[in-house]
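As a plain string of letters, each chain reads:
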Amino acid sequence: MRAAVVVFPGSNCDRDLAVAFEREGFTVDMVWHKETALPEGVDIVGVPGGFSYGDYLRCGAIAAQSPICQAVTAHADRGGYALGVCNGFQVLAETGILPGALLRNAGLKYICKTVGLRVETADSAFTGGYEAGQEIAIPIAHHDGNYFADDETLATLRGEDRIAFTYTDNPNGSVGDIAGILSANRRVLGMMPHPERAADTGHGGTDGAAFFRALAGVLTPA
């Protein structure tokens, strides 16, 4: 299994994501934002949290125009797996790989705490380690995590079972309490909470470990 973790100026969760992948047996390549291609044989691309390009303009907007994001988009277009966490979700939304937008938190403040999530679907490589309806505890750390999409997009997400996670107590004003969504082919996930920060006993919680274990189970060669 091979994962590529993209690194932008301002990324600060890239190593955390790489370690979470490595713990489940992935070989990880760290890919600088100026690269124009992903390494050969990559199974999944991780776009990590942080503050790419200092969050200038809109969060993720400059990163979405970087050379490597063209390769990430091509990877997703041909059916490759991709994961965007926090700022990574913002980047995937800005590229158009995932629908909707991440706005300023409703309370206009940065939020950093562990929150409750409800697993809305277990029908994906990312959520297959949980049961639909299960509640888990995962940290958040964001200022612009207020997910917004128009009514038509929301209806599509709900109708196609593409809402992966919702907040049990909405911290940021996200429409429909949405914390994470899937692409139409279910191979790309964007989520604001950080499962890589809840994947080891040293983190104070391990509810994120099943997330990476499920990915390893799907992507392990037969």
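Look up a bit, the structure's there.
Please read all numbers here as calculations on a predicted model, not as lab measurements.

About the criteria used
- Residues numbered from 1 in each chain as written.
- Predicted model: local features only at pLDDT ≥ 70, side-chain atom pairs only at ≥ 80, totals over all residues.
- Heavy atoms only, no water.
- Helix = DSSP H or I, 4+ residues; strand = E, 2+ residues; numbered from the N terminus.
- Rg over C-alpha atoms; globule rule 2.2 N^0.38 Å.
- Buried < 20%, exposed > 50% of the residue type's maximum accessible area, 1.4 Å probe, protein only.
- Contact = heavy atoms within 4.5 Å.
- Areas by Shrake-Rupley, 256 points an atom, 1.4 Å probe, with all protein chains shown as cover.
- Core = buried A, V, L, I, M, F, W, Y, C linked by side-chain atoms within 4.5 Å.
- Salt bridge = Lys/Arg side-chain N within 4 Å of Asp/Glu carboxyl O.

Could you give me a rundown of the overall build of the chain, with the residues and numbers involved?
The secondary structure content of the chain amounts to 5 helices and 11 strands. Against the 2.2 N^0.38 benchmark of 17 Å for 222 residues, the chain shows a C-alpha radius of gyration of 16 Å, consistent with a compact globule. Taken along the three principal axes of its C-alpha coordinates, the chain extends 40 × 40 × 35 Å. Classification of the 222 residues of the chain by burial places 54% in the buried group. When contacts within the chain are restricted to residue pairs at least 6 apart in sequence, those whose partners lie at least 24 apart make up 74%. Accessible surface for the chain amounts to roughly 9,300 Å². Of this, 47% is attributable to carbon and sulfur atoms.

Got a sec to walk through helix α3 (residues 87-95)? Specific residues and values, please.
Taking burial as the measure, the 9 residues of α3 include 7 buried ones, the bulk of the element. Among all positions in α3, only Asn87, Gly88, Phe89, Gln90, Val91, Leu92 and Ala93 are buried. Among the residues trailing α3, glycine 96 stands out with phi positive, at a value near 90°.

Break down the nonpolar core for me, citing the residues and quoting the values.
Counting residues in each nonpolar core, the largest one holds 69 residues, and the members touching the most others are Phe21, Ile44, Leu83, Phe165 and Phe211. Tallying contributions element by element places helix α5 (residues 209-219) first for this core, with 6 residues. Once you skip the residues sitting within four places of it in the chain, phenylalanine 211 turns out to touch Leu83, Phe126, Tyr130, Phe165, Leu189, Met191 and Pro195.

Can you lay out the pattern of salt bridges for me, pointing to particular residues and giving the numbers?
Applying the stated rule across the entire model yields 8 salt bridges. Residues aspartate 161 and arginine 186 are paired through a salt bridge, measuring 3.5 Å at the closest nitrogen-oxygen approach. Of this pair, aspartate 161 sits in the loop between α4 (151-159) and β9 (163-167) while arginine 186 sits in the loop between β10 (178-182) and β11 (188-191); the two residues are 25 residues apart in sequence, bridging distant segments of the chain. The partly exposed category is assigned to aspartate 161, whose relative accessible area is 33%. A network of salt bridges, in which partner residues are shared, links Asp123, Asp161 and Arg186.

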